[in-house]
Amino acid sequence: MTLYPKLIMDALATVTYPGTKKNLVESEMVADDIRIAGMTVKFTLIFPRDTDPFLKSTVKAAEAAIHYHISPDVAVTIETEFKSKPRPEVGKLLPQVKNIIAVSSGKGGVGKSTVSANLAIALARLGYKVGLLDADIFGPSMPKMFHVEDARPYAVEKDGRQLIEPIEKYGVKLLSIGFFVNPDTATLWRGGMASNALKQLIADADWGDLDYFILDTPPGTSDIHLTLLQTLAITGAVIVSTPQKVALADARKGIDMYRNDKVNVPILGLVENMAWFTPAELPENKYYIFGKEGCKALAQELDTPLLAQIPLVQSICESGDDGEPAACKVDTATGQAFINLAQAVVTVTNRRNKEKAPTKIVQTH
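Caption draft 1: Highlighting the overall build of the protein. When helices and strands are counted, the protein shows 10 helices and 15 strands. Sorting the 365 residues of the protein into buried and exposed places 51% on the buried side. Taking the intrachain contacts of the protein between residues at least 6 apart in sequence as the baseline, contacts between residues at least 24 apart amount to 73%. As displayed, the protein offers around 18,200 Å² of accessible surface, 51% of which is attributable to carbon and sulfur atoms.

Below, the structure is given as structure tokens:
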């Protein structure tokens, strides 16, 4: 029996690729490299991406089709290529990003997302290139804070890969799972699905050159934090708390997570949010409704800088809800407080980079 390319192509035309619901030949997946020597045949199948869920089953079906339609004695070798270049391996992600800052809190409701959004905008106002990732998979709030709830990021072709283009507003590149899910529906995902979605927002997005990449992490300590620590070498963490004792107790847990021997992410400092209440009509008055300077005392105890004390002002809540965060208005007391926070973060990050070795990614065992 003599083998020839048309015989092979005819056999492959009987195999349907589930991704296109057409056969391999119609789907233009058979490369022009069929090599035949006696009863051996080698060729390449081209798949859209290296993570193609149909890859193994399609390769097996192609081999079975040749054995069924031509002869079971044919020795078949099938190589695979991909239209889209594979995702860079962990450890080589975001090579153009200088500093990755995790904004974290031990518990919800302390204003961590408000601090993340305003810190990112304030850094951009200081002239830095900034990206912000809403890593709170189950409670994304950044689309509302930036007033871009209706935005839908699209894919761009770059260096042979399809990459998500972040939304840009107030000088900040922004991505959130909130852009891809129904805002009125609860996100009911198992941990693995949430972690994979987060990895995609990091690795399959066109973040480009960034001086600061801010991660708005979920409250508490969860497998989302572990995913971030196993995916990115985090330069340092900023811990947000309110002054009350219950919040400070949870803040300690957050600090302990980053300082754990296996994690070893430096704590850049603490932010005391809602440090006091100041009514708009009495700007000089301070009412310590959540306790006084609890974060300041914790920072001293842990030998960590207190980066800022942010007052509780009605305009901060309103500006967050209206999609124009306080840091956009530098002529206000709160706007200036966030600019001061950004300057403090730059200072402690520069000091950390001079004095400490780069953070290593947490290894999976």
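Following the structure, the description resumes.
Caption draft 2: Up close: the environment of Leu307. For Leu307, the position within the fold is in strand β15 (residues 306–312). Exposure remark for Leu307: the relative accessible area of 9% places this residue in the buried category. Sequence separation between Leu307 and Ala344 is 37 residues; the distance between their C-alpha atoms is 5.9 Å. Apart from the residues lying within four places of it in its own chain, the contact partners of Leu307 are Val238, Leu268, Gly269, Leu270, Val271, Leu341, Ala344, Val345 and Val348.

Caption draft 3: Representation of the nonpolar core. If you look at the biggest cluster of nonpolar residues, it comprises 87 residues, and the most contacted ones within it are Phe146, Phe213 and Ile214. Looking at which element gives the most residues to this core, the answer is helix α10 (residues 333–355), with nine residues. Excluding residues within four positions of it along the chain, Phe213 makes contact with Leu94, Val97, Asn99, Ile100, Ile101, Gly131, Leu132, Leu133, Trp207 and Leu232. Counting residues in hydrophobic clusters, the runner-up holds 22 residues, among them Leu45, Ala65, Ile66 and Val74.

Caption draft 4: Just the packing of helix α1 (residues 5–12) against helix α2 (residues 55–69), in detail. Where α1 contacts α2, the two axes come as close as 8 Å, and the packing angle between them is 115°. Relative to α2, α1 is oriented so that their crossing is right-handed. Two secondary-structure elements touch here, α1 through Ile8, Ala11 and Leu12 and α2 through Ala62, Ala65, Ile66 and His69. Each residue belonging to the contact of α1 with α2 can be placed in one class, and the counts come to six nonpolar, one polar and no charged.

Caption draft 5: Broad picture of the packing of helix α3 (residues 112–125) against α10. In the contact formed by α3 and α10, the axes pass within 8 Å of each other and the chain directions differ by 75°. What the angle tells us is that α3 and α10 run roughly perpendicular. Across the interface between the two elements, Val115, Asn118, Leu119, Ala122, Leu123 and Arg125 of α3 pack against Phe338, Ile339, Leu341, Ala342, Val345 and Val346 of α10. A breakdown of the residues in the contact of α3 with α10 according to their chemical character gives 10 nonpolar, one polar and one charged.

Caption draft 6: Inspection of the pattern of salt bridges at higher detail. Throughout the structure, instances matching the rule amount to six salt bridges. Several salt bridges share partner residues, and in doing so they unite Asp33, Arg35 and Glu79 into one network.

Caption draft 7: Expanded view of α1. Along α1, the residues classified as buried are Ile8, Ala11 and Leu12. Down the axis, α1 shows its buried residues gathered within 95° of arc, on one side only.

Caption draft 8: Region of interest: the sheet that holds β15. Taken in spatial order, the eight strands make up an open sheet running β10-β11-β7-β12-β6-β13-β14-β15, and their pairing is mixed. Single-partner strands in this sheet number two, and they are β10 (167–169) and β15. Taken pair by pair, the neighbouring strands of this sheet meet at an average axis angle of 25°, ignoring direction.

Caption draft 9: Region of the structure containing the sheet that holds strand β3 (residues 35–37). Strand order across the open sheet formed by three strands is β3-β4-β5, with mixed pairing between neighbours. Pairing within the sheet leaves two strands with one partner each, and these edge strands are β3 and β5 (75–82). Averaged over neighbouring strand pairs, the angle between their axes works out to 20° when direction is ignored. Against the sheet, α2 contacts β4 (40–47) and β5, and its axis sits at roughly 150° relative to β5.

Caption draft 10: Focus on the side chain of Asn23. Looking at where Asn23 falls in the secondary structure, it is placed in strand β2 (residues 22–23). For Asn23, the side chain forms a polar contact with the main-chain oxygen of Ala13, separated by 3.2 Å. With sequence-adjacent residues up to four places away left out, Asn23 is seen in contact with Leu12, Ala13, Val15, Thr16 and Tyr17.

Caption draft 11: Region of the structure containing the pairing of strand β9 (residues 161–164). Both strand β8 (residues 155–158) and β9 contribute to a ladder of four bridges, which runs antiparallel. Counterpart to Glu157 in the pairing with β9 is Gln162. The antiparallel pairing of β8 with β9 creates a hairpin that spans two residues between the two strands, and Asp159 there sits at a positive phi of about 50°.

Caption draft 12: Geometry of a nonpolar patch on the surface. A contiguous nonpolar patch, built from Leu282, Tyr287 and Ile289 and spanning about 280 Å² of accessible area, is present on the exposed surface. If you trace the backbone, Ile289 turns up in the loop between β14 (267–277) and α8 (294–301).

Caption draft 13: Representation of the packing of aromatic side chains within the structure. Taken as a whole and assessed by the stated rule, the structure comprises six aromatic pairs. Summarising the aromatic geometry, the rings of Tyr17 and Phe54 are spaced 6.0 Å apart at their centres and angled 90° between planes, so their arrangement reads as edge-to-face. One end of the pair, Tyr17, is in strand β1 (residues 16–17); the other, Phe54, is in the loop between β4 and α2, with 37 residues separating them in the sequence. By relative accessible area, Tyr17 is classed as buried at 4%. Residue class for Phe54 comes out partly exposed when judged on its relative accessible area of 29%. Taken together, Tyr17, Phe47 and Phe54 form an aromatic cluster joined through their ring pairs.

Reading the values: the criteria
- Numbering of residues begins from 1 in every chain and follows the order in which that chain's sequence is written.
- The model is predicted, so local features are restricted to residues of pLDDT at least 70 and side-chain atom pairs to those at 80 or more, both for listing and for counting; the totals for chains, interfaces and linings are taken over all residues.
- Just so you know, side-chain values use all the structure's heavy atoms and leave hydrogens and water out.
- Segments assigned H or I by DSSP are reported as helices when at least four residues long, segments assigned E as strands when at least two residues long, and all are numbered from the N terminus.
- Buried residues are those whose accessible area, probed at 1.4 Å on protein chains only, stays under 20% of the maximum for their type, while exposed residues exceed 50% and partly exposed ones sit between those limits.
- Contact definition: two residues touch when any of their heavy atoms are within 4.5 Å.
- Calculation of accessible area relied on Shrake-Rupley with a 1.4 Å probe; when residues are assessed, cover is drawn exclusively from the protein chains displayed.
- Only buried residues count toward a nonpolar core, which is a set of Ala, Val, Leu, Ile, Met, Phe, Trp, Tyr and Cys residues joined through side-chain atoms within 4.5 Å.
- A fitted line through C-alpha atoms serves as each axis, taken over the contacting stretch for helices, and the angle formed by two N-to-C directions is quoted from 0 to 180°.
- In a left-handed crossing the near helix is turned counterclockwise from the far helix by less than a right angle, and in a right-handed crossing that turn is clockwise.
- Ten residues, namely Ala, Val, Leu, Ile, Met, Phe, Trp, Tyr, Cys and Pro, are considered nonpolar, four, namely Asp, Glu, Lys and Arg, are considered charged, and the remaining ones, Gly among them, are considered polar.
- Each angle receives one of four descriptions, namely roughly parallel if under 35 degrees, roughly antiparallel if over 145, roughly perpendicular if within 65 to 115, and oblique otherwise.
- Throughout this description, the term salt bridge denotes a Lys or Arg side-chain nitrogen within 4 Å of a carboxyl oxygen of Asp or Glu.
- The directions considered for the arc are those from the helix axis to the C-beta atoms.
- Strands are treated as partners if at least two bridges between them are detected by DSSP.
- By the criterion applied in these results, polar contacts are pairs of N or O atoms within 3.5 Å in which, for protein atoms, one can donate a hydrogen and the other can accept it, and in which residues neighboring in sequence qualify only through two side-chain atoms.
- Each patch groups residues whose relative accessible area exceeds 30% and which form no salt bridge, using 9 Å between like charges and 5 Å between nonpolar side chains of Val, Leu, Ile, Met, Phe, Trp and Tyr.
- Between the rings of Phe, Tyr and Trp (Trp by its six-membered ring), a pair exists once the centres lie within 6.5 Å; its type follows the angle of the planes, with under 30 degrees stacked, over 60 edge-to-face, and the other angles tilted.

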